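A structural walkthrough
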Amino acid sequence: MNGLFTPREMQVAIKLIKDYFERKLAERLNLTRVSAPLFVKPETGLNDNLTGVEKAVSFSLRKYDQELEIVQSLAKWKRTALKYYGFDVGEGLYTDMDAIRPDEVLDNTHSLYVDQWDWEKVIREEDRTDEYLEKTVKDIFEVFKDTENYINGIYPNKLYKKLPDEIKFITSQELEDLYPKEKPKIREHLIAREYKAVFLKKIGGTLRSGSVHDTRSPDYDDWELNGDILFWNPILDESLELSSMGIRVDRSSLEKQLRLANAENRKILDYHKMLLNQELPFTVGGGIGQSRICMYFLHSKHIGQVQASVWTDEIIEQCEKENIFLL
């Protein structure tokens, strides 16, 4: 058994959620689905450096003397694709993104395999505001609420409503001020428990305490115009990050963040050159975890219940003890 669902029932429910959410997200944000690469050339600078510590999985194109990297996300590729495909202001794209993150610490919500919808939308320069960011978050939150109503309606005897009517907005500095003695992750748990759905804003910059709430790559999100969507997960009794998103860097914020991150050497990469030469559109975008939304809506205790991955012997044994069926 797999908690509330048999393994076969779980597979059906996963497909229902993914199909519905994907369709509603595209409608709400005016997005077109496109194909995306699984791997890129490292010299292009298109791969996501995440926090700057994780090392991408790489391999050799044996007959052509070329090294390639598996994408860690498509944050940079998407912005280039919007220009390449000729998208206009108010239009955007989304794609299925699959990644391998070998530096991940495995637990109930973290896997070596990452599956998410990566999306990106062209905006005007004057849209690079906190108000526009919050409006976009509210649009996405409506998709989450619609999806919850949809899947709960199919399984009324198994599932129940967990999302509030509105999402709470708070900055990382305001959160630190609320809980100055707590570590960042505990702060997230506390605020998510209180409001059930939270958008935590302005992640990546240094707080007044001298620390950062969480590290972010300096070359896609503007640290003053980004954030994470967090839901309270009563099944695990902790917060669950469903999405990381934001308005992307312009030339000035890129230069500032590269300097702060001691990463100015990236300016020689093709992607960064295009940004500094103002050859790419202004955009907003993010990633939404596919397995994690299925976890949340289907009341799963482990991400391995909604995706097939590789786990340690210890994790497998613990899941067997708890009667958790891993796909």
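Each remark here, short or long, concerns the structure printed above.
What comes next is a walk through the structure. Everything numeric here is computed off the predicted structure, so don't read it as measured data.

Quick word on the environment of Asp 115
- Mapped onto the fold, Asp 115 is located in strand 6 (residues 113-122).
- Relative accessible area serves as the criterion here: at 7%, Asp 115 is assigned to the buried category.
- Once residues within four sequence positions are removed from consideration, Asp 115 is found in contact with Lys 18, Met 97, Asp 98, Ile 288, Gly 289, Gln 290, Ser 291 and Gln 307.
- Of note is the side chain of Asp 115, whose polar atom sits 2.9 Å from the side chain of Ser 291.

Some points on the sheet that holds strand 3 (residues 58-61)
- Taken together, three strands build an open sheet; the order of strands is 2-4-3 and the sheet is antiparallel. Each having just a single partner strand, strand 2 (39-40) and strand 3 make up the two edges of the open sheet.
- Bridging between strand 2 and strand 4 (residues 66-70) involves two bridges; their strand directions are antiparallel. The residue bridging Val 40 from the neighbouring strand is Glu 69, located in strand 4.

Here's the deal with the packing of helix 1 (residues 7-29) against helix 3 (residues 130-154)
- Relative orientation of the contacting elements helix 1 and helix 3 amounts to 150°, with a least axis distance of 9 Å. As for how helix 1 packs across helix 3, the hand of that crossing is right-handed. Facing helix 1, whose interface residues are Ala 13, Leu 16, Ile 17, Tyr 20, Phe 21, Lys 24, Leu 25, Arg 28 and Leu 29, helix 3 presents Thr 136, Asp 139, Ile 140, Glu 142, Val 143, Phe 144, Asp 146, Thr 147, Tyr 150, Ile 151 and Ile 154.
- Residues belonging to the contact of helix 1 with helix 3 are distributed by class as follows: 13 nonpolar, two polar and five charged.

Considering the nonpolar core
- Formed by 52 residues in total, the largest nonpolar core has its most connected members in Phe 144, Ile 293 and Leu 298.
- Ignoring anything within four residues of it in the chain, the contact list for Leu 298 reads Leu 4, Phe 5, Met 10, Ala 13, Ile 14, Ile 17, Ile 151 and Leu 159.
- Within the second largest apolar cluster, 23 residues are counted, among which are Leu 74, Leu 82, Val 249 and Leu 258.

Quick look at the environment of Asn 265
- Within the element layout of this structure, Asn 265 appears in the loop between helix 6 (251-260) and helix 7 (270-276).
- For Asn 265, a relative accessible area of 56% corresponds to the exposed category.
- Sequence separation between Asn 265 and Lys 83 is 182 residues, and the spatial gap between their C-alpha atoms is 24 Å.

So, the pairing of strand 11 (residues 283-289)
- Among the seven residues in strand 11, seven count as buried, and that is most of the element.
- Of the two faces of strand 11, the one holding Thr 283, Gly 285, Gly 287 and Gly 289 and the one holding Val 284, Gly 286 and Ile 288 are both buried throughout.
- When strand 6 meets strand 11, the two strands line up antiparallel, connected through seven bridges. By the bridge assignment, Trp 119 is partnered in strand 11 with Gly 286.

A short note on the pattern of salt bridges
- Tallied over the full model, the rule gives 26 salt bridges.
- Notably, a salt bridge pairs Arg 248 with Glu 120, separated by 2.9 Å at the nearest N-O pair. On the criterion of sequence distance, the pair formed by Arg 248 in strand 10 (residues 238-248) and Glu 120 in strand 6 is long-range, its members being 128 residues apart. There is no split in this pair, since Arg 248 and Glu 120 are both buried.
- The salt bridge partner of Arg 124 is Asp 127, with a shortest N-O separation of 2.9 Å.
- On the accessibility criterion, Arg 124 (42% relative accessible area) is partly exposed.
- Taking relative accessible area as the criterion, Asp 127 reaches 8% and is therefore assigned buried.

Details of a negative patch on the surface
- There is a patch of like negative charges on the surface, built from Asp 313, Glu 314, Glu 317 and Glu 320.
- Structurally, Asp 313 can be placed in helix 9 (residues 313-321).
- Note on Asp 313: relative accessible area 54%, which makes it exposed.

Let's talk about the side chain of Arg 292
- Secondary-structure assignment places Arg 292 in helix 8 (residues 290-297).
- Comment: no salt bridge for buried Arg 292; closest opposite-charge side chain is Glu 241, at 4.9 Å.
- Residue contacts for Arg 292: discarding those within four places in its chain leaves Thr 109, His 110, Leu 240, Glu 241, Leu 242 and Ile 303.

Re the packing of helix 3 against helix 8
- Look at helix 3 against helix 8: their axes get within 11 Å of each other, and the N-to-C directions meet at 50°. Between helix 3 and helix 8, the crossing angle belongs to the class labelled oblique. Of the two elements, helix 3 crosses helix 8, and the hand of that crossing is right-handed. The residues of helix 8 that touch helix 3, namely those facing Phe 144, Thr 147, Glu 148 and Ile 151, are Ile 293, Tyr 296 and Phe 297.
- In terms of residue class, the contact of helix 3 with helix 8 is made up of five nonpolar, one polar and one charged.

Conventions we followed
Residues numbered from 1 in each chain as written. Predicted model: local features only at pLDDT ≥ 70, side-chain atom pairs only at ≥ 80, totals over all residues. Heavy atoms only, no water. Helix = DSSP H or I, 4+ residues; strand = E, 2+ residues; numbered from the N terminus. Buried < 20%, exposed > 50% of the residue type's maximum accessible area, 1.4 Å probe, protein only. Contact = heavy atoms within 4.5 Å. Polar contact = N/O pair within 3.5 Å; in protein donor to acceptor, adjacent residues only side chain to side chain. Pairing = 2+ DSSP bridges. Axes fitted to C-alpha atoms, helices over the stretch in contact; angles between N-to-C directions. Left-handed = near helix turned anticlockwise from the far one by under 90°. Nonpolar A, V, L, I, M, F, W, Y, C, P; charged D, E, K, R; others polar. Core = buried A, V, L, I, M, F, W, Y, C linked by side-chain atoms within 4.5 Å. Salt bridge = Lys/Arg side-chain N within 4 Å of Asp/Glu carboxyl O. Patch = residues over 30% accessible without salt bridge, like charges linked within 9 Å, V, L, I, M, F, W, Y side chains within 5 Å. Areas by Shrake-Rupley, 256 points an atom, 1.4 Å probe, with all protein chains shown as cover. Lys, Arg positive; Asp, Glu negative; His and termini not counted. Charge placed at Lys NZ, Arg CZ, Asp CG, Glu CD. Parallel < 35°, antiparallel > 145°, perpendicular 65-115°, else oblique.

Shape descriptors only; they carry no functional weight alone.
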